[in-house]
Amino acid sequence: GAYRGTASAEAEQEGMALGRQLASAAEPGTVDTALAQVVGILRDLAFAPELDARDDVKRIALHRCPFAVAPDDPRGAIICAFHLGLIRGVVDAAAPGAHRVRLLPYAEPDYCRAEIRFAKAG
């Protein structure tokens, strides 16, 4: 319902604030540095991230959710929103631009997937 939408939006805002904070230790740089930071932070959080950077959309498989959210867990929307915000915050701080970030919970039965489409420079 509406409550969960609000809670998810707030969780995403909190995640973004934390992501910016975590990324601000480094100088803003290129798409590659942004990706390296996102993957590093997700690794630190125990997501066991696996990056596929072959094409325009950079995909990061998140193999282990440290919160062990099951697909039918009602808290999942809020936890996923927080992590979406976290990734957005890191990307924004590390490589400012109009990038598109999506988080696909349970893209596959055994992992979730984050997708980042970086805005073209120039």
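Numbers given to residues run from 1 along each chain, matching the order in which its sequence is written. pLDDT decides what is reported in this predicted model: residues at 70 or higher carry local features, side-chain atom pairs at 80 or more are listed and counted, and totals for whole chains, interfaces and linings draw on all residues regardless. Side-chain descriptors were evaluated using all non-hydrogen atoms of the structure, hydrogens and water having been removed beforehand.

1. Structural notes on the overall build of the protein
- Secondary structure assignment for the protein yields three helices and four strands.
- Elements are defined by DSSP. Helices are runs of H or I of four residues or more, strands are runs of E of two residues or more, and each kind is numbered from the N terminus. Listing the helices and strands of the protein from first to last along the sequence gives α-α-β-β-α-β-β.
- Only C-alpha atoms enter the radius of gyration, while the globule expectation follows 2.2 Å times N to the 0.38, with N the number of residues. Expected size for 122 residues packed as a compact globule is a radius of gyration near 14 Å; at 14 Å, the protein falls within 12% of this value.
- Oriented by its inertia axes, the alpha-carbon framework of the protein measures out at about 40 × 25 × 25 Å.
- Think of it in three bands: with a 1.4 Å probe and only protein chains considered, a residue is buried below 20% of the maximum accessible area for its type, exposed above 50%, and partly exposed in between. With 122 residues in all, the protein has 39% of them scored as buried.
- The contact rule is simple, with two residues in contact once any of their heavy atoms fall within 4.5 Å. Pairs at least 24 apart in sequence give 57% of the contacts found in the protein among residues at least 6 apart.
- When the accessible surface of the protein is totalled, it reaches about 7,000 Å², and 55% of it is carbon and sulfur. Under the convention used here, a 1.4 Å probe and the Shrake-Rupley method define accessible areas, while residue burial counts only the protein chains that appear.

2. Let's talk about the packing of helix 2 (residues 31-44) against helix 3 (residues 76-94)
- Running from N to C, helix 2 and helix 3 cross one another at 145°; their axes reach a closest spacing of 9 Å. At the point where helix 2 passes helix 3, the crossing takes the right-handed sense. Residues A34, Q37, V38, I41 and L42 of helix 2 form the contact with helix 3, whose own contacting residues are L86, I87, V90, V91 and A94. Axis definition: a line fitted to C-alpha atoms, limited for helices to the stretch in contact. Angles are taken between N-to-C directions and run from 0 to 180 degrees. Left-handed describes a crossing in which the near helix is turned anticlockwise from the far one by less than a right angle; the clockwise case is right-handed.

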